[in-house]
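An overview of the molecular structure
Spelled out, the chains give:
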Amino acid sequence: MEGLGALGVLLLSCLLLPSPARSQPSPSPSPGQRPQTDPTETPSQHHAASVSPEQAAGGAPERLPPRPRCVRCCEPPEQRFSYPQYQPLPRINVTILKGEKGDRGERGMQGKFGKTGVAGSRGHAGPKGQKGSVGAPGERCKSHYAAFSVGRKKPLHSNDYYQTLIFDTEFVNLYEHFNMFTGKFYCYVPGIYYFSLNVHTWNQKETYLHLMRNGAEVVILYAQVSDRSIMQSQSVMLELREQDEVWVRLYKGERENAIFSDEYDTYVTFSGHLINFQPAAEPRGTTVLHDTVSTDPQPLPARHFDTRTTEPISFFLSGLEELLAWRPDSNDDFNVSTVPLAKRQPPLRSERPRTLVCHDMRGGYLEDRFIQGSATRNPYVFYHWRYIDIFVYFSHHTVTIPPVCWTNAAHRNGVPVLGTFITEWTDGEKLCEAFLGGEEEAYRAVGEQLARVAQHYRFDGWLVNVENRLSAAAVGNLPPFLRHLTAQVRSAVPGGMVIWYDSVLRNGALKWQNELNEENRVFFDACDGLFTNYNWKEEHLERTRRLAGPRHTDVYVGIDVFARGDVVGGGFDTDKSLRLVRQHGLSAAIFAPGWVYEHLGEENFLQNENKFWASLAEHLPTHSICTLPLATSFSLGMGTSRFLAGKEEEAGPWYDLSAQEIQPLYPESAGRLSTGCCLQDAWCGGSSLRVQGTIPAGQQRVAVRLFSLQMPAPPKLFLTLLYKLEGPHPDEFAIALELTTCDSGTCHEGNVASLPEPTGRHHPRLLPAPPPGLAAPLAACDRGSNGWTSRCYELDLQDCSLRDLSLLASRPQPGPREMPFACLLGEMRVLDAATVAVPPPPVQGLSASQLRWQPGPGPEQLSLSLTLRWAFPPDAADAFRVLRRDPGPGAPQLLGLAHGCRYRAVGLPVPRPTVGRPGRLELLVEPVLRDALPAGPDGCGRLLLVYSVPAGPGP
């Protein structure tokens, strides 16, 4: 370290770093090359490879092991942020991080073109060319006409709230496009039309009319009540497509509505005519894009796109250079979380002990790096979100940016996500010396950049893990660095946090303490929490609780599920460790729960996963949903097929954690009740929820608690349930929904004159048909589909607070024997009737870019990949279905789900065009709305790609 100081390890300036293309790559191994973890290692071995006798006696380590081993270690809300304007970052001398100069590599890809220079002066005019040949004769000009003018001689008083105005006099009605019986003009010639409406008001009466296009009001003609009758007029230009209807409607408000006319004169007229013909080849809102096929290589940035398929991928940063050179890029929009952090109760900062889960599996960035999902069979998924408070994504790369699929799934279930900033071994010493061993400006630049990264990708903070020795200067700057990083993260991400891992001591030695003590307290005091090492005993917990004082819930006691080293318990005995931690009122950090998948295998993973978390449930306080609507299809974000409306839409395995729905509790009672995932049948997505158990002898019903709620009950609730009964005797039991409310003497069901429910249990009334005005959200009431049964319910509550949502299984009468029951739940919704959303505007601005053409797969085909982007109101859709529609009567083909306003379609086979015969490809983007309302056909975005080959030889 002294030699490094003599050389001057830190040079600061106000210049920006060079572009990443000129940076020396970090020597960190790729995920596939990372040394694999030995499950038999102890945690101490896992972190330090070996501990010398001097270290075991309490002294500082003399040296690091000659060969590094794999290190496994081991937290939040989300809003939409505006990215801050970049400030110049100090230049940090990173030459000390580099080894000897290597051989010259292959020439890289050409960089982006620079800015266009100033135009030069105009050159001399060349000689005039020869006259070209005569072109082919064009088609004869064709004129298009449409016009009408009608009147009414009879007065009219509006009897209904909505009444169509019918006309009795025809002045002009070209081609009979205006129907005198219905009072509507039908568009047969698409284009721009001019319409005018003239009426005579009636004294002492209101005049209130709308000019309508299809079912929507376009303009209003209105006259207030007056002593005098007057002529009123209204006019408008409209763009119409074929089959559009234009008509006039009277609206009866609180007053009498009337128009005046008589049999001698015509006071009411309605006219319209075409002013500009527009061929209606494509539906309104369709984007038409023309492209010329070229199979020349068009590489995309390897950091953001898979080099083989061009699928968008999540990524990490390998060193200090890459971190400081990072800038937001339109290509990494794919990796920005689109799901806001859902609210839940109790909040993260409550006083009760918390549960952190640290995910570390085989170096990270496996199949979860594919942002739009993959065809992985039997993947690892996590879905017990109701039991945890914080999720950490860990890897051994310097800056671990959580793959966006994990952030989306966690946020949807109300769990904040942390990335990891780690330094290790000799390379870690050099890296820390580069930004911690000098002036304040250097470590402040690193902290600010880490905060920008979290803000841009919309995750919630950092786990900081320094697992290498530090010089006196570096360890002296470490606490102010942690304080600065914590302040920057909190400022950039509301609710953001920074947690420190138990590793380095205040004197710079690397020695894991397994507790909070005076040797590491300085780092705990500088941030939001401490994650301890795993080799603790009960006396460590006692000392930690005393020293932490009121911040005892900010200490996360590490529990290694792999049980390496001298630990209390792991595997299916992890509850032993967790019980001790809870007895001392401390938070827990459950490290590598993927043990269930890695150690026990993939075949029975879901059953083993439920068994593992059920063994911990006693010590894991659950979290409550505190906002409506609550809508879920229970999908885990994976499956053996994709289902839509209870029918298999696409066969084959798939994995996409961003598509994971809100997850319920997973209660289990030995032999009497269990819940789990069913991959063989689903309503929507890849799985449904199987609930099975027994109704005890002498009882008529049993309730299965699925969701914990904590919110004031709105006056009126609508609930929906899609289910399928199973078992040998499905006709002998029935299922329904039950809501429970907190104890309150003022809580009433129905009106205030009704008696309060003594048990707090409420059974919503069955709705055989949707009420007026709610036909869209409740369209499927009492109607089955593909073997699924749909039920809708309503419930009126006064001065109540919701507590639980349960499934109620019942039989007609109590019986002397136990009765088994089993059912699949495909969808469940709880809607506040006062805030049922109106469908948002359609997808707009659909465009395509980054087109890549390749030969095949068939002899007369091309393979096309392209990036789609569009506009849609923020947070209004859970996802977007991207579809392809080919000519013919068949239904559109699903290409995939997008979880933001962008999607990359990869390897689409399309017919090869020929000269003079271009090809056509139609793509649709359909929003999947958050409250499960149907978007409707007019809500889709459409893009028509017309592609052709040059006039010369084909591709």
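Above this text sits the structure in question.
What this report covers is the structure whose coordinates are included nearby. (Residues numbered from 1 in each chain as written. Predicted model: local features only at pLDDT ≥ 70, side-chain atom pairs only at ≥ 80, totals over all residues. Heavy atoms only, no water.)

Within the open sheet, the five strands sit side by side as β4-β1-β13-β7-β10. Their pairing is antiparallel. Each end of this open sheet is capped by a strand with a single partner; those strands are β4 (169-173) and β10 (231-240). On average, each strand axis in the sheet is tilted by 10 degrees relative to the strand beside it, whichever way the strands run. Here strand β1 (residues 147-152) pairs with β4 via four bridges, running antiparallel. Along β4, the bridge assignment pairs phenylalanine 148 with asparagine 173. (Pairing = 2+ DSSP bridges. Helix = DSSP H or I, 4+ residues; strand = E, 2+ residues; numbered from the N terminus. Axes fitted to C-alpha atoms, helices over the stretch in contact; angles between N-to-C directions.)

Negative phi is the rule for most residues except glycine; trans is the rule for most peptide bonds. Cis geometry marks the peptide bond from leucine 628 to proline 629; its omega dihedral reads 10 degrees. Note that the residue after glycine 856, namely proline 857, is joined by a cis bond; omega there is 10 degrees. You can see proline 857 is positioned in the loop between β40 (844-855) and β41 (861-871). The phi angle at glutamate 176 is positive, at roughly 60 degrees, despite the residue not being glycine.

Sheets are built from strands paired through backbone hydrogen bonds, the pairs being either parallel or antiparallel. Spatially, the five strands line up as an open sheet ordered β14-β46-β45-β42-β43, and their pairing is mixed. The open sheet has two free edges, formed respectively by β14 (286-292) and β43 (893-898), since each of these has just one partner strand. Direction aside, the axes of adjacent strands within the sheet are offset by 20 degrees on average. One ladder, built from seven bridges, connects β14 with strand β46 (residues 941-948); its direction is parallel. In the strand pairing of β46, threonine 287 is matched with leucine 943.

Looking now at the packing of helix α11 (residues 574-583) against helix α13 (residues 605-616). Interhelical geometry of α11 versus α13 gives an angle of 30 degrees and a closest axis separation of 9 Å. Considering the angle they form, α11 stands roughly parallel to α13. For the pair α11 and α13, the sense of crossing is right-handed. Touching Thr574, Asp575 and Leu578 of α11 are Phe612, Ser615 and Leu616, all from α13. (Parallel < 35°, antiparallel > 145°, perpendicular 65-115°, else oblique. Left-handed = near helix turned anticlockwise from the far one by under 90°. Contact = heavy atoms within 4.5 Å.)

Counting 152 residues, the largest nonpolar core has Phe421, Trp462, Phe481, Trp500, Phe707, Leu807 and Leu825 as the members making the most contacts within it. Beyond its immediate sequence surroundings of up to four residues, tryptophan 500 is in contact with Leu463, Val464, Val466, Leu478, Leu482, Phe523, Cys527, Gly529, Leu530 and Phe531. If you look at the next biggest cluster of nonpolar residues, it comprises 29 residues, including Leu211, Val248, Leu250 and Leu274. (Core = buried A, V, L, I, M, F, W, Y, C linked by side-chain atoms within 4.5 Å. Buried < 20%, exposed > 50% of the residue type's maximum accessible area, 1.4 Å probe, protein only.)

Of the two faces of strand β17 (residues 390-393), the one carrying Ile390 and Val392 and the one carrying Phe391 and Tyr393 are both buried. Where β17 meets strand β19 (residues 417-424), two bridges bridge the pair, whose relative direction is parallel. When the bridges of β19 are listed, valine 392 appears paired with leucine 418.

Burial analysis of strand β29 (residues 673-678) places five of its six residues in the buried class, which makes it a mostly covered element. Sheet topology note: the β29/strand β30 (residues 688-695) ladder contains six bridges and is antiparallel. Within the sheet, the bridge partner assigned to leucine 673 lies in β30 and is glycine 693.

In this section: the side chain of glutamate 661. Along the polypeptide, glutamate 661 turns up in the loop between β28 (647-655) and β29. As a buried residue without a salt bridge, glutamate 661 has its nearest oppositely charged side chain in arginine 412, at a separation of 5.4 Å. Not counting chain neighbours up to four residues away, the residues in contact with glutamate 661 comprise Arg412, Asn413, Ala631, Thr632, Ser633, Phe634, Ser635 and Asp878. (Lys, Arg positive; Asp, Glu negative; His and termini not counted. Salt bridge = Lys/Arg side-chain N within 4 Å of Asp/Glu carboxyl O.)

Right, let's get into helix α5 (residues 404-412). The buried fraction of α5 is high, at nine of nine residues. Turning to α5, its buried residues number three or more, namely Val404, Cys405, Trp406, Thr407, Asn408, Ala409, Ala410, His411 and Arg412. In the core, the buried residues of α5 are packed alongside β16 (355-359), β17, β19 and β42 (877-885).

All right, on to the state of the cysteines then. Counted under the stated rule, the structure contains one disulfide. A sulfur-sulfur distance of 1.9 Å marks the disulfide that ties cysteine 747 to cysteine 800. Residues cysteine 747 and cysteine 800 are joined through a disulfide that is right-handed, its torsion about the S-S bond being 95 degrees. Of this pair, cysteine 747 sits in the loop between β33 (734-741) and β34 (748-749) while cysteine 800 sits in the loop between β37 (789-798) and β38 (801-810), and the two are 53 residues apart along the sequence. In this structure, cysteine 747 and cysteine 800 share a single accessibility class: buried. (Disulfide = S-S within 2.5 Å.)

Moving on, we come to the packing of helix α6 (residues 425-436) against helix α8 (residues 472-492). Look at α6 against α8: their axes get within 9 Å of each other, and the N-to-C directions meet at 65 degrees. When the axis of α6 is compared with that of α8, the two are roughly perpendicular. Judged by the twist between their axes, the crossing of α6 over α8 is left-handed. On α8, the residues that touch Glu433, Phe435 and Leu436 of α6 are Ala473, Ala474, Asn477, Leu478 and Phe481. Residue composition of the contact of α6 with α8, grouped by class: six nonpolar, one polar and one charged. (Nonpolar A, V, L, I, M, F, W, Y, C, P; charged D, E, K, R; others polar.)

We now examine the pattern of salt bridges. Here the structure, examined in full by the defined rule, presents 35 salt bridges. Among the ionic pairs, aspartate 333 bridges to arginine 869, the shortest N-O distance being 3.4 Å. You can see aspartate 333 sitting in the loop between α4 (320-325) and β15 (344-345) and its partner arginine 869 sitting in strand β41, a full 536 residues away along the chain. Here arginine 803 and aspartate 804 are joined by a salt bridge, their closest N and O atoms 3.7 Å apart. What makes aspartate 804 buried here is its relative accessible area of 11%. The network of salt bridges with common partners includes Lys716, Arg765, Glu794 and Asp796.

Attention now goes to the packing of aromatic side chains. Evaluation of the coordinates by the stated rule reveals 47 aromatic pairs. With centroids separated by 6.1 Å and ring planes inclined at 80 degrees, the aromatic side chains of phenylalanine 305 and phenylalanine 334 adopt a geometry described as edge-to-face. With a gap of 29 residues between them, phenylalanine 305 in the loop between β14 and α4 and phenylalanine 334 in the loop between α4 and β15 connect regions that are remote in the sequence. Like phenylalanine 334, phenylalanine 305 is buried. Look at phenylalanine 421 and phenylalanine 435: their rings are 6.1 Å apart centre to centre, the planes differ by 65 degrees, and that puts the pair in the edge-to-face class. Of the two residues, phenylalanine 421 sits in strand β19 while phenylalanine 435 sits in helix α6, which places them 14 residues apart along the sequence. No difference in accessibility class separates phenylalanine 421 from phenylalanine 435, as the two residues are buried. Its end group placed over the ring of tryptophan 247, lysine 184 keeps NZ or CZ at 4.6 Å from the ring centre. (Phe/Tyr/Trp six-rings, centres within 6.5 Å; stacked < 30°, edge-to-face > 60°. Lys NZ or Arg CZ within 6 Å of the ring centre and 35° of its normal.)

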